[in-house]
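# Structure at a glance
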Amino acid sequence: IMPMNGALWVTNHEGKMKGIHSIGTSCVNNPWCIKRRKNGDSVCAKCYAETYMKMRHSLKKRLNENADILTTRVLDDRELPFINDLIFRYESFGDLYNTVHLENYARICEHNSLTSFGLWSKNIWILDELFNKEKRDKPDNISIVVSSPMLNKEMKLDRERYWFVDHVFTVYDKQFIEDNNVDINCGSRDCLSCQKCYHKGTDFYIREQLK
């Protein structure tokens, strides 16, 4: 993890996300994440990020610093980072806290109009609050991916109401896939070459096999 221009920290990923940078927060201190991890049927009960945070204390510290900045106030224009990447991710290790958090991500998108952003979230009510109730315009260069909270259970959405959602992402275990002939269409070994989640007009329902 390394500092960006400004106070936010950016993560330089390895593994399936090699070559992609992200800004995010830690799931360890997010109250919504903590609540979901207590549900044994939730995909969050098998959260890799929580385990990773326990091993990487410096990463956890930086992500918590990001949360302090992003969730408590709307950033001024001069505080918004400049991003040179063609694609960029929000929230690799955590999730949205509140509408202030989401507003800051939207402002970063608008400040970097040539970058395609992907945001993953299970907190659809926060998205609904900002984009429907507060009628905030959704930036053209963000793809919003709502993650199904339950393992092996694809979330079905009213696509007219949740017009701002570009994809629904669901995780399945190997046995369920074999028993139900699930079509796994996530290029999970290499996000940079796949990029399905970062763009509109690709598969709406995206399915990944549990690691």
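In this report, the structure presented in the accompanying data block is examined. These figures come from a predicted structure and were not determined experimentally.

### Overview of the pattern of salt bridges
The final tally for this structure, using the stated rule, is 14 salt bridges. Residues K16 and E208 are paired through a salt bridge, measuring 2.8 Å at the closest nitrogen-oxygen approach. Separated by 192 residues along the polypeptide, K16 in the loop between β2 (9-12) and β3 (21-23) and E208 in strand β8 (residues 205-209) bring together distant segments of the chain. Overall, K16 belongs to the partly exposed group, its relative accessible area being 29%.

### Description of helix α5 (residues 124-133)
The periodicity of an α-helix, 3.6 residues per turn, causes residues three or four positions apart to be oriented the same way. Turning to α5, its buried residues number three or more, namely I124, I126, L127, D128, L130 and F131. On its buried face, α5 sits against α1 (31-37), α4 (99-111), β5 (116-121) and β6 (142-147).

### A closer look at the nonpolar core
If you look at the biggest cluster of nonpolar residues, it comprises 33 residues, and the most contacted ones within it are Y90, I108, L127 and V165. For this core, the secondary-structure elements that each account for two or more residues are α3 (57-70), β4 (87-90), α4, β5, α5 and β6. With five residues, the top contributor of residues to this core is α5. The residues touching V165, leaving out its near neighbours within four places in the chain, are I124, I144, V146, L157 and F204. Among the nonpolar cores identified, the runner-up in size contains 15 residues, and V43, C44, L151 and V171 belong to it.

### Describing the environment of N29
Secondary-structure assignment places N29 in the loop between β3 and α1. Taking relative accessible area as the criterion, N29 reaches 41% and is therefore assigned partly exposed. Here the alpha-carbon distance between N29 and K60, two residues 31 residues apart in the chain, equals 9.4 Å. Once residues lying within four places of it in the same chain are set aside, the contact partners of N29 are I34, N64 and Y97. Looking at N29, its side chain comes within polar contact range of the side chain of N64, at 3.2 Å.

### Digging into the packing of α4 against α5
Contact pair α4 / α5: the axes reach a minimum separation of 9 Å and the direction vectors enclose 65 degrees. The two elements α4 and α5 meet at a crossing, and its hand is right-handed. Each of T99, L102 and E103 in α4 lies in contact with α5, whose residues at this interface are I126, L127, E129, L130 and F131. Residue composition of the contact of α4 with α5, grouped by class: five nonpolar, one polar and two charged.

Rules behind the numbers
Positions within a chain are numbered from 1, following the residues in the order the chain's sequence is written. In keeping with the predicted nature of the model, local features appear solely for residues at pLDDT of at least 70, side-chain atom pairs appear and are counted solely at 80 or more, and the whole-chain, interface and lining totals rest on all residues. Side-chain numbers come from the whole structure's heavy atoms, not from hydrogens or water. Salt bridge, as applied in this entry: a Lys or Arg side-chain nitrogen positioned within 4 Å of an Asp or Glu carboxyl oxygen. Going along the chain from the N terminus, every DSSP run of H or I of four or more residues is numbered as a helix, and every run of E of two or more is numbered as a strand. Three exposure classes are used, based on accessible area relative to the maximum for each residue type with a 1.4 Å probe and protein chains only: buried under 20%, partly exposed in between, and exposed over 50%. Between two residues, a contact is recorded if the distance between any of their heavy atoms is within 4.5 Å. For this analysis, a nonpolar core means a set of buried residues of the types Ala, Val, Leu, Ile, Met, Phe, Trp, Tyr and Cys, connected via side-chain atoms within 4.5 Å. Within 3.5 Å is the distance limit for a polar contact, defined as a pair of N or O atoms, with the added protein rule that one can donate a hydrogen and the other accept it, and that residues adjacent in sequence qualify only through two side-chain atoms. Every axis corresponds to a line fitted to the C-alpha atoms, with the helix fit spanning only the stretch in contact, and the corresponding angles, defined between N-to-C directions, vary from 0 to 180 degrees. In this scheme, a crossing is called left-handed if the near helix is turned counterclockwise away from the far one by less than a right angle; it is called right-handed if the turn is clockwise. Gly is placed with the polar residues, together with every amino acid not listed as nonpolar (Ala, Val, Leu, Ile, Met, Phe, Trp, Tyr, Cys and Pro) or charged (Asp, Glu, Lys and Arg).

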